[in-house]
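Examining the three-dimensional arrangement
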Amino acid sequence: MKILPAVTIMLTLALDAAAQTSEVAARILVQDSPLAGFQYYEGKDLWREMKPGDTLTLAREPGNPHDANAIRLEWKGRKLGYVPRRDNSDLARQMDRGVAVEARITALKARSNGRNLISYEIAVPLERR
């Protein structure tokens, strides 16, 4: 799923709201998609340990030689893959501005060819006063 242009506006509003408040009230879902590159990193070894709902860490890689908007996803400090290139530019820009984002596993899909898929969602927590 592609991040919609309106997400930039929503993320900006979320950043402004979060700066004025201190308690989490809700979340804005900004992306739900499969993880890119899972088969190339540590996911194969961790497959049986992960479960839907597990928290993922998002890390910007602006110096990535293949994609200046690269966003790495990790599970318990272990690299699983990346936000797909087609979906990362708006999110990277917002992360670079300091917008707090959260990610979690939404589905683990075992495939008969061994190329398992992880779906995840990224959300911006909204805080209340």
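Look up: the structure comes first, before these words.
Computed from a predicted model, the values in this text were never measured in an experiment.

Some thoughts on helix α3 (residues 89-96)
D90, L91, A92, Q94 and M95 are the residues of α3 that are buried. Phi for G98, located one or two positions after α3, is positive at around 100 degrees.

Some points on the layout of surface pockets
If you roll a probe as big as a water molecule over the atoms, it shows you where there is empty space left. Of the voids in this model, the largest pocket is the one considered here, and its volume is about 210 Å³. Lining the largest pocket are 13 residues, and of these N64, H66, D67, Y82 and R85 sit closest to its centre. Partitioning the lining of the largest pocket into residue classes produces seven nonpolar, four polar and two charged.

Topic: the side chain of D54
Within the secondary structure, D54 sits in the loop between α2 (43-46) and β2 (55-60). Of the polar contacts made by the side chain of D54, one reaches the side chain of K51; its length is 2.9 Å. At a separation of 3.0 Å, a polar atom in the side chain of D54 contacts the side chain of W75. When sequence neighbours within four positions are dropped, the list of residues in contact with D54 reads E49, W75, A103, R104 and I105.

Some thoughts on the pattern of salt bridges
Applying the stated rule across the entire model yields eight salt bridges. Between D90 and R93 there is a salt bridge whose closest N-O contact spans 2.3 Å. Placement of both D90 and R93 in helix α3 is noted, with a separation of three residues, approximately one turn of the helix. With a relative accessible area of 44%, R93 lands in the partly exposed category. One salt bridge in this structure joins R104 and E121, with 2.7 Å as the shortest N-O distance. With R104 in strand β5 (residues 102-109) and E121 in strand β6 (residues 117-128), this pair connects stretches of sequence that are 17 residues apart. Note on R104: relative accessible area 31%, which makes it partly exposed. Of the residues examined, E121 reaches a relative accessible area of 9% and is grouped as buried. Taken together, the shared-partner salt bridges in this structure form one network comprising E61, R72 and E74.

As for the nonpolar core
Judged by nonpolar contacts, the single largest core of 24 residues is most densely connected at M50 and L80. Among the secondary structure elements, those contributing two or more residues to this core are β1 (23-34), β2, β3 (71-75), α3, β5 and β6.

What about the pairing of β2?
The sheet contact formed by β2 and β5 spans two bridges and is antiparallel. In the strand pairing of β5, T55 is matched with R104. In terms of strand pairing, β2 meets β3 through four bridges, oriented antiparallel. Its bridge partner lying in β3, R60 is registered against I71.

Reading guide: rules and limits
Residues numbered from 1 in each chain as written. Predicted model: local features only at pLDDT ≥ 70, side-chain atom pairs only at ≥ 80, totals over all residues. Heavy atoms only, no water. Buried < 20%, exposed > 50% of the residue type's maximum accessible area, 1.4 Å probe, protein only. Helix = DSSP H or I, 4+ residues; strand = E, 2+ residues; numbered from the N terminus. 1 Å grid on protein atoms, 1.4 Å probe; cavity = no way out; pocket = protein on both sides within 12 Å on 5 of 7 lines; lining within 4 Å. Points joined across faces, edges and corners; volume = space filled by probe spheres on them. Nonpolar A, V, L, I, M, F, W, Y, C, P; charged D, E, K, R; others polar. Polar contact = N/O pair within 3.5 Å; in protein donor to acceptor, adjacent residues only side chain to side chain. Contact = heavy atoms within 4.5 Å. Salt bridge = Lys/Arg side-chain N within 4 Å of Asp/Glu carboxyl O. Core = buried A, V, L, I, M, F, W, Y, C linked by side-chain atoms within 4.5 Å. Pairing = 2+ DSSP bridges.

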